[in-house]
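Topology and contacts: notes
What follows is each chain in one-letter form.
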Amino acid sequence: MTTTDLPPRPAGARPPGRPLSTELSDQLVTVAMDILADEGWGRLNSDRVAARARAGKAGIYRRWPTMAALARHALSTTTLVQVPEDQGSLSTDLCALLLPWTRPLDRAERAAASLVGAARHDAELRAGLEDALVRPLAGAVRELATREAGRGRELPHERVALLGQVLQALWWQRYTAFAPAPMTSTQVEQLVTDLLLPVIDPGHPAR
């Protein structure tokens, strides 16, 4: 059989060649996350990733065409916003949503925080943060609103949207503040009572 006798390759199929190693892909992502979390976006480059992973740069670019694409993929492997278990009320649900704020930024959060400034000028990084933070946070807010409706209190759509915007702004502030100190549980409760609940209900008395 000659090469002209070979059946055509299906559309979208990978060209012939050695398949990509999943183990190496995971290792490269781990290294990228470590660099982003500990040193920042400005230190993420193919030379450093290759050296730490003991891999060739060609192996990186076979997987991701740019460092921004690698950073975006790395973010996609982690969860920045967790939907809390039902706590019985909107206020306690919001406190549970903000529970991570009582701890220092973890590795994934530090990696995401390192991309915030550069994302203003890079669509790939922007999309990565959108997928890792913005959409999950919006989904969490919708879930909390749905729970509240199940308790017999339907929240106005525009107020739920505003709550999401306020939370997103606070999240960005937490990521970009210089060495942000963790909040106490009492401070989180005060933030929920004095700022977030009045967003949902303007008549809610702030302390």
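Reading the values: rules and limits
Residues numbered from 1 in each chain as written. Predicted model: local features only at pLDDT ≥ 70, side-chain atom pairs only at ≥ 80, totals over all residues. Heavy atoms only, no water. Helix = DSSP H or I, 4+ residues; strand = E, 2+ residues; numbered from the N terminus. Buried < 20%, exposed > 50% of the residue type's maximum accessible area, 1.4 Å probe, protein only. Contact = heavy atoms within 4.5 Å. Salt bridge = Lys/Arg side-chain N within 4 Å of Asp/Glu carboxyl O. Phe/Tyr/Trp six-rings, centres within 6.5 Å; stacked < 30°, edge-to-face > 60°. Expected span 1.5 Å × (residues − 1). Bend = angle between axes of the 7 residues up to and from the residue. Core = buried A, V, L, I, M, F, W, Y, C linked by side-chain atoms within 4.5 Å. Axes fitted to C-alpha atoms, helices over the stretch in contact; angles between N-to-C directions. Parallel < 35°, antiparallel > 145°, perpendicular 65-115°, else oblique. Nonpolar A, V, L, I, M, F, W, Y, C, P; charged D, E, K, R; others polar. pLDDT = per-residue confidence, 0-100.

**Overview of the overall build of the protein**
Within the protein one finds ten helices and zero strands. Starting at the N terminus and ending at the C terminus, the protein contains elements arranged as α-α-α-α-α-α-α-α-α-α. Going through the 207 residues of the protein one by one, you find that 37% of them count as buried. For the protein, the share of sequence-separated contacts (at least 6 apart) that also reach a separation of at least 24 residues comes to 70%.

**Concerning the pattern of salt bridges**
A full pass over the atoms with the stated rule returns 16 salt bridges. In this structure, D47 and K57 form a salt bridge, with 3.1 Å as the shortest nitrogen-oxygen distance. On the criterion of sequence distance, the pair formed by D47 in helix α2 (residues 46–53) and K57 in helix α3 (residues 57–63) is long-range, its members being ten residues apart. Here E148 makes a salt bridge to R153, at a shortest N to O gap of 3.3 Å. Owing to a relative accessible area of 8%, E148 belongs among the buried residues under this scheme. Judged by its relative accessible area of 33%, R153 is partly exposed. Residues joined in a network through salt bridges with shared partners are D86, D93, E143, R147, E148, R151 and R153.

**A look at the packing of aromatic side chains**
Within this structure, the stated rule accounts for two aromatic pairs. Centroid distance W101 to W171: 5.2 Å. Interplanar angle 80 degrees. Geometry classified as edge-to-face. Of the two residues, W101 is situated in the loop between α5 (90–97) and α6 (107–113) and W171 in helix α9 (residues 157–176); the sequence distance between them amounts to 70 residues. Accessibility assignment for this pair places W101 and W171 in one class, buried. When the ring of W172 is compared with that of Y175, the centres are 6.4 Å apart and the planes differ by 70 degrees; the resulting orientation is edge-to-face. Taken together, the residues span about one helical turn, with W172 and Y175 both in helix α9 at a distance of three residues.

**Brief notes about helix α10 (residues 185–200)**
For α10, which comprises 16 residues, the first-to-last C-alpha distance of 21 Å matches the rise-based estimate of 22 Å (1.5 Å per residue) to within 8%. A maximum bend of about 35 degrees is found in α10 at V192. Residues of α10 that are buried include every one of V188, L191, V192, T193, L196, L197, P198, V199 and I200, and no others. In this structure, the buried residues of α10 make contact with α5 and α9.

**Topic: the nonpolar core**
One finds L94, L97, L98, L167, W171 and Y175 to be the most contacted residues of the largest nonpolar core, which totals 60 residues. Setting aside its immediate chain neighbours within four residues, Y175 contacts L80, L105, E109, A112, A113, V116 and L133.

**Things to note about the packing of helix α1 (residues 22–38) against helix α4 (residues 67–76)**
Axis separation between α1 and α4 bottoms out at 9 Å; the angle between their running directions is 95 degrees. Compared by their axis directions, α1 and α4 come out roughly perpendicular. For the pair α1 and α4, contact is made by V29, A32, M33 and L36 and by L70, A71, H73, A74 and L75, respectively. Along the lines of polarity and charge, the residues of the contact of α1 with α4 split into eight nonpolar, one polar and no charged.

**Overview of the confidence of the model for the protein**
Mean pLDDT over the protein: 90, with 87% of residues reaching 70 or higher. Mean pLDDT across the elements of the protein bottoms out in α3 (95) and peaks in α5 (98). Ignoring residues within four places in sequence, the model shows residues 1–17, a span with pLDDT below 50, making seven contacts including any to other chains.

**A closer look at the environment of M183**
Position of M183 relative to the elements: it lies in the loop between α9 and α10. With 81 residues separating them along the chain, M183 and T102 place their C-alpha atoms 4.6 Å apart. Residues in contact with M183, not counting those within four places in the same chain, are W101, T102, V188 and L191.

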